[in-house]
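Architecture at a glance
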Amino acid sequence: MSGHRCEATRRSRRALLGAMLLLHGAAQPDVFAQDAVIEVAEEPPAPSGEAPTDAPGAEPLADDGVPTRWGVAPIRWGGTLSLGLRHRDSDTAGRSNERQYEARLRANSYLVQPWYARVGADLAFTLIDADTDGGSALNATSLTGTTTLNVFPLSRFPFLATLSLSDSRTDGAITETEYQRTRLSLRQEYRPPRDSWSSFAQYDMSRLTGSFGSDTVNRLAGGYQLTRNRHTVTLDGSYARNDREDEGSVSDLVASGRHSFRASDALAIETLGTLTDARFDDAGSAGFSGGNRTLQAYSFANWTPPESVWRGTASVRYLGTQANSGQSDISLQSVGSTASLNYQPNRNLGVYGALSATRTTSRTTDFFTHAETLGANYTGDPLTFGNYSYNWYGSGSFSTVSADDADQRASTVGGGHSLNRNWLLDDESSLTLSAAQNLTITRATGVDALSSRTLNHTLGLAWRARPAEGLLTYVSANVSDSRTRGDIDTNFRLYNLQANGTWRLSPRSEASANITWQRTEQRREAREDSLFSSGTEAPRDTNLSANLSYNHNRAFGVVNLRYSLRFTTNTFQTDTRLGGNPDATRERVTRDLDQHLRYRVGRLHTDLQIRVATVDGKKNALVFLKVSRDFGSF
């Protein structure tokens, strides 16, 4: 009787633990969240002298005396039925109206026990009925969703597999060309129980299909990190390949290794090596193909004995690069070393000397250069006048550069000063004004030597505020002007404006911003009697990057009505998918304004999306209304 009672107690404990873990997953948006660890107490041992036996009608016992249950684990499921109306206006594709009917099924559970493996699925079937400007109707279907497998999620060696299908017509994306995406991700991590190292391996695949054909990215990555005594070793590597049916293929191999060694309190050595190999094959009419491989190795030693007036550094470096495109082939290797010694008798004065040697070889050249520098700098003690702080410094150096058949000598003197003013506006905010000026004069002799005088001015204004815990505002504006006169006359001007912060506008609304605006103006003019070609260049460049967001949890005073706004812009765009980013799209979105108005009553919720974007220089607009009804446990 007591044996039956113990077995029943064990079964009830295991069922209770499984229910607790399942409820924990139900309370989280992601059933695979790894933010909780549940420790299971050991089962009470069997009475002394009595081995556990299988009672008649009881569950079979494992070797440790714990019942093993085989069957279907509890399944948490749910679903959604949706009706969507989508209006799209594009400069390229024209106007279209769509009616979407969607049925979605969600489920998650576990295998054997929740800490062994967790599984989840979110699948949706959508019927699309579309009308275009031409009056034609298009009936199409779409299968989207995500499946996830998480093995040993709370262990030292978790494995995560995710497969997802998405469709730009149903996920609220705004593009010039409609496409379907297939995304696969596999990741394995490992950490030993006692040693201080860890590693991971990951595979990612992303395939886009549309009127452009197919666009596939395959990426394999791995990493290793070890920390032991005074050593730290980090290894990372990745190989990515992008195959485009309409443009060809691009592959990118990146590998890096870093070793940090703290030999003593005074000596630290850092070694870094990187390898990059990029290959491209154009499938277009030009049929252009080529590649570039670069190998770099660098080791740096820093000697800083405590309570000493001496400091020293030394480094060695290697650079090898090979590029080929079409019928041209370029190869270059460079090996060099540097050493410097600094003597600082007090906090103001510093005297330094440096040596460097470099050998560069290519298919057509082979030359050796060495350089020597001796210099000194002096920094005055800060002077305070009320709320103003004044700083000044001066420097001078003499250097020589020698090659196989050419020598240069240069002497440089310079000095500068700065003035800062700080205002405490209140307990939470301050304003800072800074201005600086410096002058550098260089006199050079020898082959291809350039003499110059450079005058720099900088003016900056910054405002900081912290109205509450977790909220911060920072706004700064800077202007710098640099003018160089000599063998080459140049004018360079930089304007920079930055603003970022988070503001709680009311108990139910919040806004955030991160804005960077920068403009550069450069004018270059070479003298007719200089070694450089005469002429004038005046390039100008303006870049803007901004992320703005606004959220209100009770829009227009209506309960459960939520409004969100997100605006992003970036005038400098690169095709990161071509470089192997599996989550990037083919198109460049320079401006994007996305607004949502969501309302929920019980299991019924609506979502109105209004989105306007500039994609590859073309304007696109989207209005998407979706009404959904939830079923089940989700």
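Residues numbered from 1 in each chain as written. Predicted model: local features only at pLDDT ≥ 70, side-chain atom pairs only at ≥ 80, totals over all residues. Heavy atoms only, no water.

1. Some thoughts on the overall build of the chain
Within the chain, the secondary structure is distributed over one helix and 30 strands. Buried positions account for 27% of the 634 residues belonging to the chain. By sequence separation, contacts in the chain at least 24 residues apart represent 50% of the contacts at least 6 residues apart. Total accessible area computed for the chain in this model is approximately 37,500 Å², and 57% of it derives from carbon and sulfur atoms. (Helix = DSSP H or I, 4+ residues; strand = E, 2+ residues; numbered from the N terminus. Buried < 20%, exposed > 50% of the residue type's maximum accessible area, 1.4 Å probe, protein only. Contact = heavy atoms within 4.5 Å. Areas by Shrake-Rupley, 256 points an atom, 1.4 Å probe, with all protein chains shown as cover.)

2. Overview of the packing of aromatic side chains
As enumerated under the stated definition, the model contains nine aromatic pairs in all. Note on tyrosine 190 and tryptophan 197: the rings are 5.6 Å apart at their centroids and 45° apart in plane angle, and the pair reads as tilted. The exposure class of tyrosine 190 is partly exposed, given its relative accessible area of 33%. Geometrically, the ring pair formed by tyrosine 550 and tyrosine 563 is tilted, given 6.1 Å between the ring centres and 55° between the ring planes. Of the two residues, tyrosine 550 sits in strand β26 (residues 540-552) while tyrosine 563 sits in strand β27 (residues 561-570), which places them 13 residues apart along the sequence. Assessed through its relative accessible area of 24%, tyrosine 550 is described here as partly exposed. Among the aromatic residues, ring-to-ring pairing joins Trp115, Tyr116, Phe152 and Phe157 into one connected group. Geometry around tyrosine 388 places arginine 421 over its ring, the cationic atom sitting 5.2 Å from the centre. Against the face of phenylalanine 631 rests arginine 629, its NZ or CZ located 4.7 Å from the ring centre. (Phe/Tyr/Trp six-rings, centres within 6.5 Å; stacked < 30°, edge-to-face > 60°. Lys NZ or Arg CZ within 6 Å of the ring centre and 35° of its normal.)

3. Considerations on the pattern of salt bridges
Inspection of every chain in the model, using the stated rule, returns 33 salt bridges. As a salt-bridge pair, arginine 600 and aspartate 630 come within 3.1 Å of each other at their nearest N and O atoms. With arginine 600 in strand β28 (residues 589-601) and aspartate 630 in strand β30 (residues 618-632), the pair connects residues that are 30 residues apart, well separated along the chain. Shared partners join several salt bridges into a network, and the residues in it are Glu102, Arg104, Arg106, Asp122 and Lys626. (Salt bridge = Lys/Arg side-chain N within 4 Å of Asp/Glu carboxyl O.)

4. Comments concerning unusual backbone geometry
Its identity is not glycine, yet asparagine 229 carries a phi of approximately 55°, on the positive side. Along the polypeptide, asparagine 229 turns up in the loop between β8 (213-228) and β9 (231-244). A residue is classified by how much of its surface remains accessible, and asparagine 229, at 78% relative accessible area, is exposed.

5. With respect to the confidence of the model for the chain
Mean pLDDT over the chain works out to 84, with 84% of the residues at or above the 70 mark. Below pLDDT 50 for its whole length, residues 529-534 participates in eleven contacts with residues either more than four positions away or in separate chains. (pLDDT = per-residue confidence, 0-100.)

6. Regarding the pairing of strand β7 (residues 197-210)
Pairing of strand β6 (residues 179-190) with β7 involves twelve bridges; the strand directions are antiparallel. Looking at β7, one finds that tyrosine 190 is bridged to serine 199. Hairpin geometry of β6 and β7 is characterised by an intervening segment of six residues between the two adjacent antiparallel strands. Taking the residues that link successive antiparallel strands as the turn, the β7-β8 hairpin has two residues. (Pairing = 2+ DSSP bridges.)

7. A look at the pairing of strand β1 (residues 76-90)
As paired strands, β1 and strand β2 (residues 94-111) are joined by 15 bridges and run antiparallel to one another. Pairing of arginine 88 across the sheet is with serine 96, part of β2. Pairing between β1 and β30: 13 bridges, direction antiparallel. Its bridge partner being in β30, serine 82 is matched across the sheet by serine 628.

8. Section: the side chain of glutamine 609
Examined against the element boundaries, glutamine 609 turns out to sit in strand β29 (residues 604-615). Judged by its relative accessible area of 5%, glutamine 609 falls in the buried class. In this structure the side chain of glutamine 609 is engaged in a polar contact, spanning 3.2 Å, whose partner is the side chain of aspartate 594. In this structure, glutamine 609 is in contact with Gly172, Asp594, Gln595, His596, Leu622, Val623 and Phe624, ignoring residues within four places of it in sequence. (Polar contact = N/O pair within 3.5 Å; in protein donor to acceptor, adjacent residues only side chain to side chain.)

9. Observations concerning the environment of threonine 484
Structurally, threonine 484 is set in strand β22 (residues 473-486). We classify threonine 484 as buried; its relative accessible area is 13%. With 44 residues separating them in the primary sequence, threonine 484 and threonine 440 have C-alpha atoms 9.3 Å apart. Ignoring any residue separated from it by four or fewer positions in sequence, one finds threonine 484 in contact with Ser452, Arg453, Thr454, Asp489 and Thr490. In this structure the side chain of threonine 484 is engaged in a polar contact, spanning 3.1 Å, whose partner is the side chain of threonine 454.

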